[in-house]
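Chain residues, written in single-letter form:
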Amino acid sequence: MSNSNQSVGFEPWLKENPKIMYAAAFMTLLIMCIGIIGNSLTILVILKSPRIRNIASTFIISLGAADLLFCIAVLPFNASRFLNINWVQYPELCSIVPFLQYGNIGVSLLFITMITINRYIMIVHSSLYSIVYRPIWITSMIILCLIISFGMLIPTLLSKWGKFEYDPKLGTCSIVSDEFGQSSKSALLVTGFIIPCIVIVCCYTGIFLVVRNSEKRMRRHQASTQSDPTATNMQSIRRKLSEWRITKMVLAIFLSFVLCYLPITITKTLDPGVQYPALLLIAYIMIYASACFNPIIYVIMNKQYRKAFKSVLNYGCCEKATKRVPVLRSISKRLQPHGVQEDRGFGTTVSHVSSIALESLECNKISLVA
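Residues numbered from 1 in each chain as written. Predicted model: local features only at pLDDT ≥ 70, side-chain atom pairs only at ≥ 80, totals over all residues. Heavy atoms only, no water.

1. A look at the side chain of Ser108
Counting through the fold element by element, Ser108 comes out in helix H6 (residues 93–124). We classify Ser108 as buried; its relative accessible area is 3%. (Helix = DSSP H or I, 4+ residues; strand = E, 2+ residues; numbered from the N terminus. Buried < 20%, exposed > 50% of the residue type's maximum accessible area, 1.4 Å probe, protein only.)

2. A closer look at a positive patch on the surface
Residues Arg51, Lys303, Arg306, Lys307 and Lys310 make up a contiguous surface patch of positive charge. Mapped onto the elements, Arg306 comes out in helix H13 (residues 303–335). (Patch = residues over 30% accessible without salt bridge, like charges linked within 9 Å, V, L, I, M, F, W, Y side chains within 5 Å. Areas by Shrake-Rupley, 256 points an atom, 1.4 Å probe, with all protein chains shown as cover. Salt bridge = Lys/Arg side-chain N within 4 Å of Asp/Glu carboxyl O. Lys, Arg positive; Asp, Glu negative; His and termini not counted. Charge placed at Lys NZ, Arg CZ, Asp CG, Glu CD.)

3. Quick look at the packing of H6 against helix H8 (residues 135–151)
Contact geometry of H6 with H8 gives a least axis separation of 8 Å together with a crossing angle of 145°. Taken as a pair, H6 and H8 cross one another with a handedness that is right-handed. Taking contact as the criterion, the partners of Phe99, Leu100, Gly103, Asn104, Gly106, Val107, Leu110, Phe111 and Met114 in H6 are, on H8, Met141, Ile142, Cys145, Leu146, Ile148, Ser149 and Phe150. Of the residues in the contact of H6 with H8, the class split is twelve nonpolar, four polar and no charged. (Axes fitted to C-alpha atoms, helices over the stretch in contact; angles between N-to-C directions. Left-handed = near helix turned anticlockwise from the far one by under 90°. Contact = heavy atoms within 4.5 Å. Nonpolar A, V, L, I, M, F, W, Y, C, P; charged D, E, K, R; others polar.)

4. Things to note about the packing of aromatic side chains
Using the criterion set out here, one finds eight aromatic pairs in the structure. Where Phe10 meets Trp13, the ring centres are 6.0 Å apart and the plane angle is 40°; that geometry is what we call tilted. Here Phe10 and its partner Trp13 are both found in helix H2 (residues 10–16), three residues apart, which amounts to about one turn of the helix. Cluster of aromatic residues (ring-pair linked, three or more members): Phe10, Trp13 and Tyr284. Above the plane of the ring of Phe82 lies Arg81, whose end atom (NZ or CZ) is 4.6 Å from the centre. Geometry around Tyr284 places Arg81 over its ring, the cationic atom sitting 4.7 Å from the centre. (Phe/Tyr/Trp six-rings, centres within 6.5 Å; stacked < 30°, edge-to-face > 60°. Lys NZ or Arg CZ within 6 Å of the ring centre and 35° of its normal.)

5. Comments concerning the UniProt feature "transmembrane region" (unreviewed entry) in the protein chain
Here the UniProt-annotated "transmembrane region" (unreviewed entry) positions come out as residues 20–47, 59–79, 99–124, 136–158, 187–211, 246–266 and 278–301. Annotation note: span residues 59–79, helix share 95%, strand share 0%, distance between end C-alpha atoms 29 Å. Along residues 246–266 one finds 100% helix and 0% strand; the C-alpha atoms at either end are 31 Å apart. (UniProt positions renumbered as here; feature names shortened; annotations may be inferred.)

6. A closer look at the nonpolar core
Core analysis: the largest hydrophobic core is formed by 76 residues, its most contacted members being Phe10, Phe59, Phe82, Tyr133, Tyr288 and Tyr305. In this view, Phe59 contacts Phe111, Met114, Ile115, Tyr133, Ile138, Met141 and Ile142; residues no more than four positions away in its chain are not counted. Counting six residues, the second largest nonpolar core, distinct from the first, contains Phe150, Phe164, Ile175 and Leu188. (Core = buried A, V, L, I, M, F, W, Y, C linked by side-chain atoms within 4.5 Å.)

7. With respect to the state of the cysteines
Scanning the entire structure with this criterion turns up one disulfide. Between the sulfur atoms of Cys94 and its disulfide mate Cys173 the distance is 1.8 Å. The disulfide joining Cys94 to Cys173 has a torsion of about -105° about its S-S bond and is therefore left-handed. Pair noted here: Cys94 is in helix H6 and Cys173 is in strand E2 (residues 172–176), with a separation of 79 residues, a long-range link. (Disulfide = S-S within 2.5 Å.)

8. Details of the side chain of Ser290
Mapped onto the fold, Ser290 is located in helix H12 (residues 277–301). For Ser290, a relative accessible area of 11% corresponds to the buried category. Within the structure, Ser290 has its side chain in polar contact with the backbone oxygen of Ile287 (distance 2.5 Å). Filtering out sequence-adjacent residues up to four positions away, Ser290 remains in contact with Asp67, Cys260 and Tyr261. (Polar contact = N/O pair within 3.5 Å; in protein donor to acceptor, adjacent residues only side chain to side chain.)

9. Things to note about the pattern of salt bridges
This model, assessed by the stated rule, comprises two salt bridges. Linking Lys15 and Glu11 is a salt bridge whose minimum nitrogen-to-oxygen distance equals 3.7 Å. With Lys15 and Glu11 both in helix H2 and four residues apart, this pair spans about one turn of that helix. Given the relative accessible area of 53%, Lys15 is considered exposed. Given a relative accessible area of 12%, Glu11 falls into the buried group. Lys163 is the salt-bridge partner of Glu165, the closest N and O atoms lying 3.3 Å from each other.

And the structure:
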């Protein structure tokens, strides 16, 4: 890379590479559209599908709503800054948009933490599940996540602990030091990222140990011949293994989150002078992509979610057909003799109704001729 590119920062580098600038704007808009559609469908699917609607799905809806807010309120302005190189919008947006972005990142990770804790209590301490997860406590947890994530940013929004301002090196509005040299970035990193990650890792360590012991007991049970005395215990083991399948999906969500936000953390730490702006651009795109990954993970890793998505997507186009079949079957039931079994196939039912209708017409012709 040339010396000029090593020192000018992100904004001048984009001006020198208009094709990259337009490609970045296109990718941002594409991610925004996928995220809006995917997260809206996720919320709709959970609300319309009782089989996947449980306590964990409450936090998944909250996570989907946070990602949807990110796509609607943050990504359009980031696409605009790529196209215009600078924040040409009102100066107030240079405070509001990063406020929403940082708060959204924190609340998303906290919701993932809440889902992980839910899985941990379900598998490791199942006897406490009904005590901990009551409606009032679930609502309180969601509100607490919002207060922690956005409440810590209010001093920065008021320019009392760092401030939101445009940073030409980063090419975006971000948290910068105030006139006293103070910034809330370190505190946000610890409370909003490191601590939740530690909690998640500890929960998954406990889940893994319990599941591994359950698998060992199941193997010993299958090797032995006496199965009746431990039938209840085996049901508990199978339930834990079944919950582990859902837990793996939550683990994939957490790993995708870390994968998306780790590049920007590494880039800002190792390259504060933005000597390699291309790496910073990749890190930005990875952050934006985090808003559309979760619905894809739900579909790939969970069979129940796949069925729920298919049922919702097929509802509109198949609604008329599903309404016609019962009508034809009711007609065939009335026309069939009592001793004949009704065929379940759609085509057979229609042909059977048609043959009976033709026979009735022939009888009417004979009666009229007579």
